Structure formats: C-alpha cells, structure tokens
Amino acid sequence: MDILNALVLFANYVFVPATAYGAQLALGALGVTLIFGILRFANFAHGELMSFGTMAVILATWALQDMGVSLGPLPTALLALPFGIAVTVVFALLTDRYVFRFYRVKKSDPIIYAIASVGVMFVMAGLIRVIIGPDDQSFADGARFIITARDFKELTGLEEGLAIRVTQVITIIVALAVMAVLFWFLQRTRSGKAMRAYSDNEDLALLSGIDPDKVVRMAWIITAILATIAGTLYGLDKTYKPFIFQQILLPIFAAAILGGIGQPVGAILGGFVVAYSEVTITYAYKKFLAYLGPEGWAPEGLMQFLSTDYKFAVSFIILVAVLLVRPTGIIRGKVI
Amino acid sequence: MSQRGALYFGIFFLLLIAVGFGQSWNVALGILNLCLISAIMSLGVNIQWGYAGLFNVGVMGFTALGGLAAVLISMPPVAEAWAVGGVGIGLSLLGLLILVAAVIFVRNNVPRVFRFWATLAVILVGVVLIRLVYAPAVDRIEAINPAHTGYLGGFNLPIVLSWVVGGAIAAGAGWLIGKITLGLRADYLAIATLGISEIILAVLKYEEWLTRGVKNVTGLPRPVPYEVDLIASADFAAFASRFGEVADAASVVVKLCYLVLFVAVLAIIMWLSERALKSPWGRMMRAIRDNRDAASAMGKDVKARHLQVFVLGCAVCGIAGAMLTTLDGQLTPTSYIPLRFTFLIWVMVIIGGSGNNWGAMLGGFVIWFLWIQAEPLGNWFMHAITLFMGDDSWLKGHLIAGAAYTRLILMGALLLLVMRFAPRGLIPER
Amino acid sequence: MSFLDASHMTGGYGRGADIIKDCTITVEKGEIAVVVGPNGAGKSTAMKAVFGMLNLREGAVLLDGQDITDMAPQERVRVGMGFVPQVRNIFVSMTVEENLEMGAFIRDDDFQDTLGQVYDLFPVLRDKRNQPAGELSGGQRQQVAVGRALMTRPRLLMLDEPTAGVSPIVMDELFDRILEIARTGIAILMVEQNARQALEIADHGFVLVNGENRFTDTGKALLANPEVRRSFLGG
C-alpha cells in the first residue's frame, strides 16, 4: 500500500494533462456553442479556424524570434497571440460576409449552413497546408517545466515524480482568464446581454431593436478569439499539426452537445468531462494499482479500459450516450 | 435525362478520350473505373441528401466497412489463428452482447437516482471482464506469423460476394446511427456520422486481429484475370500484339473487365434509384424533405422513412467501398481520410444536382476526373506564379511543395460557388 | 384624426391571399381599443399590419399624424410603438430585470426611472427581478412581456391576446394593470379572445369578421348591441 505514490502517479499522468486538455477543449467548445447559439448551425470549420489562428500565431512567433524578442521563461507565442487573433478575426468576418451572410438573408435551413461550413473548412484546410505545410511545427520556447519529475522526487523523496510543464499552467491560467472575461461580457455588458437575448429569442430581440448584424459580427469576433487562443494553447501544450485540428473537431462537438448546445457554461463543463473521460479511460492503471495493492504485487496486463488508439472513440461514445439519454445536454440546451 | 445532361456526359467522355489519346488508355480507363465507383458513392449520398435532406458526414466510414467486407469474404482463413484465438474472440463478442443487454436491463430497471452510476459501473466492469478474455486472444492471434498473417483471415469466398455483404454491413451501421440520431436536429446526424466514421476507421486501423491494421491486407483475390496470366498466355499475346505492347494491352483488358463489372453494378443501382424516386415512395420522401411538418401532419412516419432512406444510402456506400477495395486489391486503412474524401463525394452530389440521380452520377464522374487532373493543374499553377522567382528562392520551393493542397481549395471553392450561384447543380432535379 | 389611424388596410403574408380587407383601426391617447372577432377573423393579422409585420397592398398607418406605412417594425419601435407578441414574448433564459433592460435596448438615456415605474406597476416583478423569466408563472411572464414593451416608453402599446392561457383571476388583474397603463396617457390596442371581459374595459371596440370591419363602436355600445351579443359574445 502506497497511496501517496499512487496519487502522484495519477496526478502526473491523468489529472494534470487532462486538466490542460479539458481547458483547450472547453475553449474550442465555447466557440462552437456560440456560433450555434447565434447563427444556429454546427460549424464544421471550427477546427480549421483554430488551426488557422494557431498558424498565424506561429508565423508571428517565428518573426518575433527572428527579431530576438522573447518573454524569458514564457513562450514567445503569448506575445504573438494578439496578431494571430487579429488575422483570424478578419478571416472569420470575411467568411461570414462572403459565405454565411448570403444564407442568413435567404433564411436557409441550418443544414445548408453546415454544408457551407464544410466547404469553408476545405478552403481553409487547403490554405493552411499551402501556407505552413502539413507537417509538425514546434514553436514553444522559454522554460519547459515549472517542476520536473526529478526535482519533485528529490523534493518529496517519493518514488514517483510529478512534472508540471509551463505550457500546462499557462493553458489553465489563460483559459480561466478568457472564460472569466467572456462571462463578464455576456452577463454584464449591453452587447453581451444583446447576444444572449438574440440567442434566446431572435424575433423578440429584433422587436427590441437589437441589430442582428452586430450580434452576428460579435459572435464571429469572439469565436475567432476563442479559437485562436484554444488552438495556440493546444499547439504549445502538444504540437501543431494541421491534421490534428480535423480530429479535434469530434471531441469539441461532443463537449458542446454534452454541455447543452448554445450554453457557454455547459460547453466548459462538457470540455472537462470529455477530457477527463478520454484520459481516464485510456490510461493504463497497472502501476497505479500496483502501488495500491500489497508490496511486490502487480496486476496482469495493462489494466486499461480502452487502448489509447481509441481516444476519440471516447468522445463519440459520450456523444451517442448524450443523444440517447438527454439530447438537450447537461444544462438544457437550445433546441433539439 | 435532359438534353443538357446528355451534353454534359458527352463532354465528359470527350475529355476522357482526350486523356486516352494524350496520356494513355491505361490512365483513362483507370480514371473511368474510379469515376464509376465515385458515381455509386455519389448515388448513395444522393439517396440520403437528395431524396430526404439527410447530411451524412461519415461516408468514408461506411465505405471502409465495405472494404472490410472485401477482406473478410475473400481472404483465406488463417487456421492457426482461429485455433488459438477464435474462441477468445467469439467469447468477447458474446460478452459484448451480454454487456449491451445488461446496460439495457439496468436502464429499464434501476431507480432513476442510481441509473447513471449503475450504468457506468456495469459498463466499466463489463469492459474489464471482456478484456480479460479479449486481450490474450488478440495477442495470440497477432503472434502467428505477423509478417504475413497475424489476423483471422476471411472466408475464402468469391470477392464479388463482398459487394453485397459490404452493403449489408454498412446498412447495419447506418441503422444503428440513424436509430439514435434521426429524431433529432439534422446537424446531430452529421456530427454523429462524423463520429461513427472515425470509430470505424480506428477499428480498421488498430484491430490487427481483424484487418492487420496498418500492416494492410494485400493481394486480395480478383474477380478478373491477372495481367501476368494474360501475358503468359500465348493466345492473348498473339491477339494483343496487333494493338501494341502486350503488357499494356493486358493491363487495359483487366481494366476493361473491371469496367464491365462496375458498369453493371452502377446500372443496377441507377435503375433501382430511378424507380424508387419515381415511385409513390420517392414522391413521399421528397414531400417529407420539402415540408416535414406537413408530411408528418398527414400521418407520415417521418422518422421511420428517414431511417429507411438513410440505411439504403449507407448500403450503397458500403457496396461502393467493397468495389473500391476489390479494384485496389488491398485494404489500407490509413488511406481512408474521413473528412477529405467524404467531402469530395458531397461536392459530387451538390455540383451534379442534388435530388437528381443522373446529376449525382455526372457529379461523380466529373469531380473525380477534376480531382485527379487538379494535381498536375495545381502544380502547373504554382510553377506559373513562381516563374519570376529565383530557383533558390525559399518561397518558390515552399509554394511548389504545397501545390498538392491547392485542390482542397479548388474543391471547397467549387462547392461554395455552386451552392451560392447554382444551388440546383449541373442537372437540376425536376 | 385619431392618435393611431390605420385605415383601409388590405394585405396578407408574403404573396399569399389577402387576409385583411379594407380594415380600419383607430386608437386615441389614453384609451383602450380592443379588436375582437371569431377565430380566423384576422384579428392578430390586423395588429401585425399596424406594426408593419406584413406587406400592405392598400391603406396607410399614421401614428400621431406621421405616416409610418413603410417603416420596418424595429423603426416603429423607435417612433413610439410597443408590441407584445402572443407567444414567445419573453427571453426565458434571462432574468426579469435583464428582460426589461433588453426592452430598453434602443434607449441611450438612463432608464432607471422607467424600470422603477414598471416595478411599481408590477410589484411582483421587483421581488423576482433576479430570477430567470422562464421560471415564472404564466401570469407573471405576461407581466414581464408587458413590462418589457413599456421600457421604451411607447406612446402606443399593442398587446396580442395578453390573456391567452392564463386563469380568470390573473386575467382580471392583468386587465386592471392595462387600465392603469392607459391612465398614464398611453394608447392601447389589444387583440382579445375573451371578448366580453375585454370590451368591458375598452373605450372602443372593433369586431372583425373575415378580415373586414363588421361593427365599430364604443365598448359599452358593443356589449349592449344584441346582434354582437348573439353572434360574438355567446348571448
């Protein structure tokens, strides 16, 4: 029996990475849920929007690095973030202007928007691959760890180490800050309330004199900001590869639907639930159980519920379970 | 089919003939064979989208199931693997069924308060128990001659049979997904199909005992003669030498054989689709698509009809998938890039003319042709715009390296333009 | 000329058939006008026509002498019309106070005193100001809906069947409040299913049949008219 080591092991391989991942998913799901709440369609291009934003940040980071600018222990990418956000906002507004607005004026079926968003997704995917290429790009610099596994072991005298990376802490801090600002905006400001009103009851919002174009514009701006930050944090924490942003779409959708689509709080909850499920279900508990069992004993096999290959199957299973059991999501979402 | 439609088909075949003369007949026939398969997939999607307005983003998943069927039907069984792992796999499947039954039982009988946690507990315990049997069985199977087999193999039946079986498997998966999502908003179906296709592809990629995973299953038996056999035959050599190189002729003949088979399947599916569309059933489907509420007020069971049409469409995609794998002669799970090729099929349907089978078929032909020819086009374009740059320019190299991806942009832009300016497609629905 | 003078209105939805024909509705300041009639008589349509929610082929709408026939509904809100739809007339996910704030969205000045007036009119809303409006009872929701429309300080308040689906007690209270609003000098135009009760508080009544004016008189006179009683008030 060695509970302390077991807990540290669990924290190191499950809790810390899953929390960072959850924050990234939550930011992504917030964007999806916002677009859904305001424009009422599932935006398949959201993954590529994240990718696009991250790409802009990476390019700016490289430029800054070339100029010799750095933030010391913090990644330079944080400094490049505003630039990436600006570019992505402009891009999102342009797609709205030249693609989605047409269908809005025509009052098209939501599914038409969704198909158009798939078209946008492909144009963006192509652009991104032409501009930055399909390969891995690493752009994290600065200090790697806040505490390394070895330091932790020396500090505590435990067998297991707990490594905390700078990027993980940054992810969580930035995500919390962004969420706080977003909720302040939605709950306290006039524009934020107008967005909520529009999402709640479009006709009445129009009657109240809320300008739909303004609300839609605002939704895209916020979504682009969230997408760029989410993508950059993901890229810093793991790696930037255009293809990943196609795969991450599924967990993000799962998080948004699980939370109750159109519900910002739900999107955050959903992001963390999906992330924790993904990591806990695909983690091999062998060593963890060995610490908890009697001295010298270890369970046979890896003690894994699902092999890591099926990471995103977890989000799909969650998605299906939600659709079967409670299609409105944890916090009753808009429409089913 | 309208005159305009006939004209488009005419232009397409002229283009193909141009490729035949310009590049080679081998290339032209190769493109045509894939065009035929694309057309079948496109018909499948058209059944779902054009008839009923259902948005399926998981076409590649259903196609891959067809590919799986091709392997399972045609490859010889690996007796040793069955001996060491067959029982284990069988028990695992049985366990899975019991687990599903247990979950249903729990959901119906446990009080609401505990239901969620009870379900979760049953699933977790069930999965752990199944893995106790499953994991060792898989290890044993995969240990047998891993360089060549390492999987259970198939049933050693004629591969053409897999076209039917593939359709049936895909239909089953479609039924499951449709059952869950069809009552909900249309976008949920889209998201769920995206999910199921990712999972199907993951299973194909990682369940080596079933598909050899990334090691690929190669050398699937063919329904048509092999080139080497043709070349070896004296009669054929004598016949072919009149047309030119014997090796080329053999390859052309093989492709022609496939062509005949594919045309037959396409013709059957086309005939059935047209009959269905013009039948009272087809009219009802379109009525539901155009005004769901009115149709449901008239007593039509919208959900059941949607499920029907969704399953049919998935089956057609499965058939096409099995045909594709048959043509390739191998199953390479990594080649099914879910969103990219699914999207291509969508472009085919929408550009061809949603709701019109001839349109969908034309779309299948034209878009596949474009997709193939867009690669040299993209290359040429990038070379053209970088002409003024020095050969050592970093940007030039970078742009030329990215040329392959211009076709993603091209296809996306094409879709957006057609949706906006000609939403009814090349051959509009009547 | 009346404060609201919507005369000879003819039109329907989109390119469909005309639903109202040569229909005239007028309201004076500080008075309550009620539109009644059998189901499908075009009552709600007539009100929507006044508010600019359908295209008029003929006729004109004048508010305080100003021709607003070609204005969009949103613009009409700005010139002093308040509209309470029959259904989906509140923001269910927002608090009572946020609903009222949204009502005042087009106002750039300080609306705190209007908020106070609405709370004085509907005291229960003050107590529930921080509750999501979707959690309130049917009668309270209607109060929120009316309150929201009052936030723009309209000169004409239009109510589309405000008492649909509420209990008789709640209905009486709501009518009391509407009388109170009228006393502040606001013109009120109301479509009502509960014709008798509505006519009792109405200064003027318009009985519509098949989209046309059948009877137009004071509320009292209509209640006294035997033919109206027999055909529309159930004896």
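Conventions and cut-offs
Residues numbered from 1 in each chain as written. Chains lettered and ligands numbered in written order. Predicted model: local features only at pLDDT ≥ 70, side-chain atom pairs only at ≥ 80, totals over all residues. Heavy atoms only, no water. Helix = DSSP H or I, 4+ residues; strand = E, 2+ residues; numbered from the N terminus. Rg over C-alpha atoms; globule rule 2.2 N^0.38 Å. Buried < 20%, exposed > 50% of the residue type's maximum accessible area, 1.4 Å probe, protein only. Contact = heavy atoms within 4.5 Å. Areas by Shrake-Rupley, 256 points an atom, 1.4 Å probe, with all protein chains shown as cover. Lys, Arg positive; Asp, Glu negative; His and termini not counted. Charge placed at Lys NZ, Arg CZ, Asp CG, Glu CD. Axes fitted to C-alpha atoms, helices over the stretch in contact; angles between N-to-C directions. Nonpolar A, V, L, I, M, F, W, Y, C, P; charged D, E, K, R; others polar. Core = buried A, V, L, I, M, F, W, Y, C linked by side-chain atoms within 4.5 Å. Pairing = 2+ DSSP bridges. Buried area = accessible area lost by both parts, 1.4 Å probe. Salt bridge = Lys/Arg side-chain N within 4 Å of Asp/Glu carboxyl O. Polar contact = N/O pair within 3.5 Å; in protein donor to acceptor, adjacent residues only side chain to side chain. Parallel < 35°, antiparallel > 145°, perpendicular 65-115°, else oblique. Phe/Tyr/Trp six-rings, centres within 6.5 Å; stacked < 30°, edge-to-face > 60°.

J.: Looking at this model, I keep getting lost on the overall build of chain B. Mind explaining?
T.: Within chain B one finds 18 helices and 0 strands. Taken against the 2.2 N^0.38 rule, which gives 22 Å for 430 residues, the C-alpha radius of gyration of chain B at 24 Å falls within 12% of a compact globule. In chain B, buried positions account for 52% of the 430 residues. Put simply, of all contacts in chain B between residues at least 6 apart along the chain, 80% involve residues at least 24 apart. Accessible surface for chain B amounts to roughly 19100 Å². Of this, 70% is attributable to carbon and sulfur atoms. Treating the 29 positive side-chain charges of chain B as one cloud and the 21 negative ones as another, the clouds have centres 14 Å apart.

J.: Any chance you could explain the packing of helix 2 (residues 25–52) of chain B against helix 12 (residues 280–290) of chain B here in plain terms?
T.: Packed helices, taken two at a time, are described by their axes: the angle between them and the distance between them. Residue and element names in this part refer to chain B. Two numbers describe how helix 2 lies on helix 12: the axes approach to 7 Å, and their chain directions differ by 60°. The segment helix 2 lies against helix 12, with Trp49, Gly50, Tyr51 and Ala52 engaging Trp281, Met285, Arg286 and Arg289. Of the residues belonging to the contact of helix 2 with helix 12, the class tally is 5 nonpolar, 1 polar and 2 charged.

J.: Is there a simple way to explain the nonpolar core in this structure?
T.: By size, the foremost hydrophobic cluster in this structure holds 278 residues, and its most contacted members are A:Leu27, A:Phe44, B:Phe55, C:Leu156 and C:Leu189. A total of 16 residues in this core trace back to one element, the largest contributor, which is helix 2 of chain B. Not counting the four nearest positions on each side in its chain, C:Leu156 is found in contact with C:Phe3, C:Leu4, C:Val27, C:Leu63, C:Gly80, C:Met81, C:Gly82, C:Ile186, C:Ala187, C:Ile188 and C:Leu189. One finds C:Ile90, C:Ala149, C:Ala198 and C:Leu233 within the second-largest nonpolar core, a separate group that totals 45 residues.

J.: Explanation requested: the pairing of strand 10 (residues 212–218) of chain C in the structure shown.
T.: Within a regular strand, the side chains alternate between the two sheet faces. Residues and elements named next belong to chain C. Strand direction decides the pairing type here: strand 9 (residues 204–209) and strand 10, joined by 6 bridges, are antiparallel. Of the residues in strand 10, the one forming a bridge with leucine 208 is asparagine 213. Adjacent in sequence and paired antiparallel, strand 9 and strand 10 are bridged by 2 residues, among which asparagine 210 carries a positive phi angle near 50°.

J.: Can you walk me through the interface of chain C and chain A in this structure?
T.: In this assembly, 21 residues from chain C lie in contact with 16 residues from chain A. Buried area between chain C and chain A, both sides added, is near 1700 Å², and the carbon and sulfur share of it is 54%. When the area that chain C buries against chain A is broken down by residue, the three leading residues are C:Arg88, C:Phe91 and C:Phe105, summing to 35%. Seen at the junction of chain C and chain A, the total is 2 salt bridges. Between A:Arg196 and C:Glu98 there is a salt bridge, and its shortest N-O distance comes to 2.7 Å. Joining chain C to chain A, the criterion identifies 8 residue pairs in polar contact (both at pLDDT 80 or more). Elements with a minimum of two residues in the side of chain C that touches chain A: helix 2 (73–78) and helix 3 (96–103) of chain C. For the side of chain C that touches chain A, the class distribution of residues is 11 nonpolar, 3 polar and 7 charged.

J.: Mind showing me how you'd approach the environment of B:Leu261 here?
T.: All names here are of chain B. Of note, leucine 261 is situated in helix 11 (residues 246–278). Given the relative accessible area of 26%, leucine 261 is considered partly exposed. As a C-alpha pair, leucine 261 and threonine 218 span 43 residues in sequence and 21 Å in three-dimensional space. If sequence neighbours within four positions are ignored, leucine 261 has contacts with Trp163, Pro223 and Val224.

J.: Would you explain the interface of chain B and chain A in this entry?
T.: How large an interface is tends to be reported as the accessible area lost when its parts come together. Listed by partner, the interface residues are 48 residues for chain B and 54 residues for chain A. Buried surface at the junction of chain B and chain A, both sides included, amounts to about 4600 Å², of which 78% is carbon and sulfur. Along the contact surface separating chain B from chain A lie 6 residue pairs in polar contact (both at pLDDT 80 or more). It is helix 7 (residues 186–206) of chain B that provides the largest number of residues to the side of chain B that touches chain A, a total of 14 residues. Partitioning the side of chain B that touches chain A into residue classes produces 34 nonpolar, 6 polar and 8 charged.

J.: I keep staring at the packing of helix 2 of chain B against helix 15 (residues 338–352) of chain B and nothing clicks. Help me out?
T.: All names here are of chain B. One way to put it is that helix 2 packs onto helix 15 with a least axis distance of 9 Å and a crossing angle of 70°. Considered as vectors, helix 2 and helix 15 are oriented roughly perpendicular to each other. In this structure, helix 2 contributes Ser38, Met41, Ser42, Val45, Asn46 and Trp49 to the contact, and helix 15 contributes Ile345, Trp346, Met348, Val349 and Ile350. Within the contact of helix 2 with helix 15, the residues separate by chemical class into 8 nonpolar, 3 polar and no charged.

J.: What am I meant to see in the packing of aromatic side chains here?
T.: Geometry of an aromatic ring pair is reported as the spacing of the ring centres plus the angle between the planes. Residues and elements named next belong to chain B. This structure, assessed with the given rule, holds 39 aromatic pairs over all chains. Taking the centre distance of 6.1 Å and the plane angle of 80° together, the rings of phenylalanine 13 and phenylalanine 365 count as edge-to-face. Highlighted residues: phenylalanine 13 in helix 1 (residues 3–22) and phenylalanine 365 in helix 16 (residues 357–385), separated in sequence by 352 residues. The partly exposed category is assigned to phenylalanine 13, whose relative accessible area is 36%. The interplanar angle of 80° and the centroid separation of 6.2 Å between the aromatic rings of phenylalanine 341 and tryptophan 371 together place this pair among those described as edge-to-face. Residue phenylalanine 341 is found in helix 15, and its partner tryptophan 371 is found in helix 16; the two are separated by 30 residues along the sequence. The exposure class of phenylalanine 341 is partly exposed, given its relative accessible area of 21%.

J.: Please explain the sheet that holds strand 5 (residues 66–67) of chain C as it appears in this structure.
T.: Strand pairing within a sheet occurs via backbone hydrogen bonds; the two strands may be parallel or antiparallel. Residue and element names in this part refer to chain C. Pairing is antiparallel in the open sheet, where 4 strands are placed in the order 2-1-4-5. On the outer flanks of this sheet lie strand 2 (20–27) and strand 5, each paired with one strand and no other. Pairing geometry for strand 4 (residues 55–63) and strand 5, over 2 bridges, is antiparallel. Paired with leucine 63 across the strands is glutamine 66, a residue of strand 5.

J.: Sorry, what's going on with the sheet that holds strand 7 (residues 156–160) of chain C here?
T.: Residue and element names in this part refer to chain C. Pairing in this open sheet of 6 strands is mixed, and the strands run 6-7-8-3-9-10 from one edge to the other. Two strands bound the open sheet, and with one partner strand each, they are strand 6 (81–84) and strand 10. Averaged over all pairs of adjacent strands, the angle between their axes in this sheet comes to 15°, without regard to strand direction. When strand 3 (residues 32–36) meets strand 9, the two strands line up parallel, connected through 4 bridges. Considered in strand 9, the bridge of valine 34 is made with glycine 205. The sheet contacts of helix 1 (residues 43–50) involve strand 3, strand 6, strand 7, strand 8 (187–191) and strand 9, and relative to strand 8 the element is tilted by about 145°. On top of the sheet, helix 6 (residues 138–150) reaches strand 6 and strand 7; it is set at about 165° to strand 6, its chief contact.

J.: How should the arrangement of the chains be read in this particular structure?
T.: Summarising the chain contacts, 2 pairs of chains touch, and the pair with the most contacts is chains A and B. No interface is formed between chain B and chain C, the nearest pair of C-alpha atoms being 18 Å apart.

J.: For this particular structure, what's the right way to read unusual backbone geometry?
T.: Residues other than glycine predominantly adopt negative phi, and peptide bonds predominantly adopt the trans conformation. A positive phi angle is found at B:Arg212, which is not glycine, with a value near 65°. With respect to the helices and strands, B:Arg212 occurs in the loop between helix 8 (208–211) and helix 9 (227–232). One non-glycine residue with positive phi stands out, namely C:His8, at about 55°. Residue placement: C:His8 occurs in strand 1 (residues 4–12). Classification of C:His8 by relative accessible area gives partly exposed; the value is 46%.

J.: I would appreciate a short explanation of the environment of B:Ile37 in the present structure.
T.: Residues and elements named next belong to chain B. Looking at the element boundaries, isoleucine 37 is found in helix 2. Overall, isoleucine 37 belongs to the buried group, its relative accessible area being 1%. For the pair isoleucine 37 and aspartate 248, spaced 211 residues apart in sequence, the C-alpha separation works out to 23 Å. When residues no more than four places from it in sequence are discounted, the contact partners of isoleucine 37 are Phe262, Ala320, Met323, Leu324 and Leu327.

J.: Got a minute to help me understand the pairing of strand 4 of chain C in this structure?
T.: All names here are of chain C. In the sheet, strand 1 pairs with strand 4 via 7 bridges, with the strands oriented antiparallel. Within strand 4, the residue paired with threonine 10 across the bridge is glutamate 58. Once strand 4 ends, the chain turns through 2 residues before running back antiparallel as strand 5, passing aspartate 64 with a positive phi of about 55°.

J.: Sorry if this is basic, but what is going on with the side chain of C:Thr114 here?
T.: Residue and element names in this part refer to chain C. The residue threonine 114 is located in helix 4 (residues 112–121) in this model. In this structure threonine 114 comes out as buried when scored by relative accessible area, which is 3%. Among the polar contacts listed, one links the side chain of threonine 114 to the side chain of arginine 107, at a separation of 2.8 Å.

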